[in-house]
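Here is what each chain is made of, one letter per residue.
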Amino acid sequence: MKRIALLVLIAATAVACNRESFEEGDIIEDAQGEITNGERLYEFYEHTENGEEDAVRVISYTTEGDPIYHDLHFDGNKIESVENNREDQFSSEEVVIRQCESILILTSETEAIYVLRECDPESGWDTILHETW
């Protein structure tokens, strides 16, 4: 029930602020770190491992409520990463496009961290989502 209320609140905020809307399959991380639809990112990971084409969108919200969009598209060979922070009032307002070799999941007893590896242009490991439980 809390997740439904959260989705309604996020949707209302996005529409009210004339921001890009999200779709049902998107992965949402709110400003408090709560994640909706996180299992979809794991499915994307599995598809990359099996060489199956797939695409997902991760939307993270800043403390101020501004969205940062991270679109991932796997063509069966490489992952195209498009990170768009133009709606974040405190960002550099840019879109960064990179080609990456793979996605990894780093896990422990309390967390899972999804990162992109071997990206061009290189900028270290790009964390997509940090999930805790």
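Criteria and cut-off values
Numbering of residues starts from 1 in each chain and follows the order in which that chain's sequence is written. Residues qualify for local features only when their pLDDT is at least 70, as the model is predicted, and side-chain atom pairs are given and counted only at 80 or more; totals for whole chains, interfaces and linings, by contrast, use all residues. Think of the side-chain values as coming from all heavy atoms in the structure, minus any hydrogens and water. The salt bridge definition used is simple: a Lys or Arg side-chain nitrogen within 4 Å of an Asp or Glu carboxyl oxygen. Only protein chains enter the accessibility calculation, which uses a 1.4 Å probe. A residue is then buried if its area is under 20% of the maximum for its type, exposed if over 50%, and partly exposed in between. Criterion for a disulfide: a pair of cysteine sulfur atoms within 2.5 Å. Runs of H or I in DSSP of at least four residues are treated as helices and runs of E of at least two as strands, each being numbered from the N terminus. The rule for pairing is simple: two strands pair if DSSP sees at least two bridges between them. Stacked, tilted and edge-to-face are the three classes assigned to paired rings of Phe, Tyr and Trp, where Trp is represented by its six-membered ring and a pair needs centres within 6.5 Å; plane angles under 30 degrees give stacked, over 60 edge-to-face, the rest tilted.

Caption draft 1: Seen up close, the pattern of salt bridges. Scanning all chains against the criterion turns up six salt bridges. Measuring nitrogen to oxygen at the nearest pair gives 2.4 Å for the salt bridge that ties arginine 117 to glutamate 118. The exposure class assigned to arginine 117 is partly exposed, which follows from its relative accessible area of 25%. Look at glutamate 118 and you get partly exposed, because its relative accessible area is 48%. Each of Arg40, Glu43 and Asp54 takes part in salt bridges that share partners, so that together they form one network.

Caption draft 2: Main features of the state of the cysteines. Within the structure shown, the criterion is met by one disulfide. A disulfide bridge connects cysteine 100 with cysteine 119, and the sulfur atoms are separated by 2.1 Å. On the sign convention where negative is left-handed, the bridge of cysteine 100 and cysteine 119, at about 105° about the S-S bond, is right-handed. On the criterion of sequence distance, the pair formed by cysteine 100 in strand β6 (residues 95-107) and cysteine 119 in strand β7 (residues 111-120) is long-range, its members being 19 residues apart.

Caption draft 3: Representation of the sheet that holds strand β2 (residues 35-36). Taken in spatial order, the eight strands of this open sheet run β2-β1-β3-β4-β5-β6-β7-β8, and their pairing is mixed. Of all the strands in the sheet, just β2 and β8 (126-132) have a single pairing partner and so form its edges. Here strand β4 (residues 67-74) pairs with strand β5 (residues 79-84) via six bridges, running antiparallel. Paired with leucine 72 across the two strands is serine 81, which belongs to β5.

Caption draft 4: Representation of unusual backbone geometry. In this structure, proline 121 follows aspartate 120 across a cis peptide bond, with omega equal to 5°. Mapped onto the elements of the fold, proline 121 is located in the loop between β7 and β8. Its identity as a non-glycine residue notwithstanding, glutamate 93 has a phi of 50°, on the positive side. By secondary structure assignment, the location of glutamate 93 is in the loop between β5 and β6. According to the relative accessible area criterion, glutamate 93 is partly exposed, its value standing at 48%. Even without a glycine there, the phi angle at glutamate 118 is positive, about 50°.

Caption draft 5: Region of interest: the environment of asparagine 50. Its place among the elements puts asparagine 50 in the loop between α2 (39-49) and β3 (54-61). For asparagine 50, a relative accessible area of 54% translates into the label exposed. A sequence separation of 26 residues divides asparagine 50 from glycine 76, and the C-alpha atoms of the two residues are 8.4 Å apart.

Caption draft 6: Representation of the packing of aromatic side chains. Taken as a whole, this structure holds one aromatic pair when the rule is applied. Taken together, a centroid distance of 5.7 Å and an interplanar angle of 40° make the contact between tyrosine 42 and tyrosine 45 tilted. Taken together, the residues tyrosine 42 and tyrosine 45, both in helix α2 and three residues apart, mark about one turn of the helix.

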